[in-house]
Amino acid sequence: MSVVKSSLSEADLKAVGDALRGALVDLVDLALVAKQVHWNVVGPRFRSVHLQLDEVVDTARQHSDTVAERASAIGVTPDGRAATVAAQSAIGAVPEGWIKDGDAVRTLVDALGAVIGRMRERIVVTADPDPVSQDVLIGLTADLEKHAWMFQAESA
């Protein structure tokens, strides 16, 4: 059942829908991972890393809502359920327990790298069929790349 009709062809809607759904999965998981690390980070750089992690959470949550609403606007149902996120995310597992500040930074560098790589693929896929969705993906990727730069500088 499709309540919202799209102006995109079926093939374009599938490609763009897959890109938006994948972006949503990665953003939801990025927010969860950053919050998990935020709760468990320890070490001399605790405060700066702790605060930096909340900035990633805020960015991921804001963009996940934008992506989900864009999907809905073109007739694609968003899926941010825990089972979907666990099965499809590009981000690796976060270790249990306390996380040293240096390990926390490396975890976020890796997580952001995985998500950014997939976002860049989605940017390419959406270029022709839906420049509006592509624009959403470009904006969020720029924000994620800024976070990646800051975490990489943190570990230099």
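Structural data are supplied above this passage.
Read on for an overview of the structure.

The rules behind these values
Residues numbered from 1 in each chain as written. Predicted model: local features only at pLDDT ≥ 70, side-chain atom pairs only at ≥ 80, totals over all residues. Heavy atoms only, no water. 1 Å grid on protein atoms, 1.4 Å probe; cavity = no way out; pocket = protein on both sides within 12 Å on 5 of 7 lines; lining within 4 Å. Points joined across faces, edges and corners; volume = space filled by probe spheres on them. Nonpolar A, V, L, I, M, F, W, Y, C, P; charged D, E, K, R; others polar. Helix = DSSP H or I, 4+ residues; strand = E, 2+ residues; numbered from the N terminus. Buried < 20%, exposed > 50% of the residue type's maximum accessible area, 1.4 Å probe, protein only. Contact = heavy atoms within 4.5 Å. Core = buried A, V, L, I, M, F, W, Y, C linked by side-chain atoms within 4.5 Å. Axes fitted to C-alpha atoms, helices over the stretch in contact; angles between N-to-C directions. Parallel < 35°, antiparallel > 145°, perpendicular 65-115°, else oblique. Polar contact = N/O pair within 3.5 Å; in protein donor to acceptor, adjacent residues only side chain to side chain.

**A few points about the layout of surface pockets**
Moving on, step 1. Each pocket or cavity is described by its volume, and for the largest pocket that value is around 180 Å³.
Moving on, step 2. In the lining of the largest pocket, the residues fall into four nonpolar, four polar and four charged.

**Quick look at the environment of Ala114**
Moving on, step 1. Examined against the element boundaries, Ala114 turns out to sit in helix 4 (residues 101-126).
Moving on, step 2. Considered as a pair, Ala114 and Gly92 are 22 residues apart in the sequence and their alpha carbons are 8.7 Å apart.

**Topic: the side chain of Ser133**
Moving on, step 1. Its location among the elements puts Ser133 in helix 5 (residues 131-154).
Moving on, step 2. Given a relative accessible area of 0%, Ser133 falls into the buried group.
Moving on, step 3. What Ser133 contacts, discounting residues up to four positions off in sequence, is Val16, Leu20, Arg70, Ile74 and Thr126.

**Some thoughts on the side chain of Thr107**
Moving on, step 1. For Thr107, the position within the fold is in helix 4.
Moving on, step 2. Those residues within four positions of Thr107 in sequence are excluded, and the remaining contacts are Val33, Val37 and Val94.

**Looking at the nonpolar core**
For soluble globular proteins, the rule of thumb is that nonpolar side chains tend to be buried together.
Moving on, step 1. If you look at the biggest cluster of nonpolar residues, it comprises 42 residues, and the most contacted ones within it are Leu30, Leu108 and Leu144.
Moving on, step 2. Put simply, the parts of the chain that give this core at least two residues each are helix 1 (10-40), helix 2 (46-73), helix 4 and helix 5.
Moving on, step 3. Of all the elements, helix 1 adds the most residues to this core, at twelve residues.
Moving on, step 4. In contact with Leu144, other than residues within four places in its own chain, are Leu27, Leu30, Thr59, Leu112, Val115, Ile116 and Met119.

**What to know about the packing of helix 2 against helix 5**
Moving on, step 1. Where helix 2 contacts helix 5, the two axes come as close as 11 Å, and the packing angle between them is 170°. Taken together, the axis directions place helix 2 and helix 5 in an arrangement best described as roughly antiparallel. Residues Ser48, Val49, Gln52, Leu53, Glu55, Val56, Thr59, His63, Thr66, Val67 and Arg70 of helix 2 form the contact with helix 5, whose own contacting residues are Val132, Ser133, Val136, Gly139, Leu140, Asp143, Leu144, His147, Met150, Phe151 and Glu154.
Moving on, step 2. A per-class count over the contact of helix 2 with helix 5 returns ten nonpolar, eight polar and four charged.

**A short note on the environment of Ser6**
Moving on, step 1. Assignment of secondary structure puts Ser6 in the segment before helix 1.
Moving on, step 2. Residue classification places Ser6 among the partly exposed positions, given a relative accessible area of 26%.
Moving on, step 3. Here Ser6 is in contact with Leu13 and Ile74, once residues within four sequence places are set aside.
Moving on, step 4. Within polar-contact distance, the side chain of Ser6 engages the backbone nitrogen of Leu8 at 3.0 Å.
Moving on, step 5. Engagement of the side chain of Ser6 in a polar contact is seen with the backbone oxygen of Ile74, the distance being 3.4 Å.

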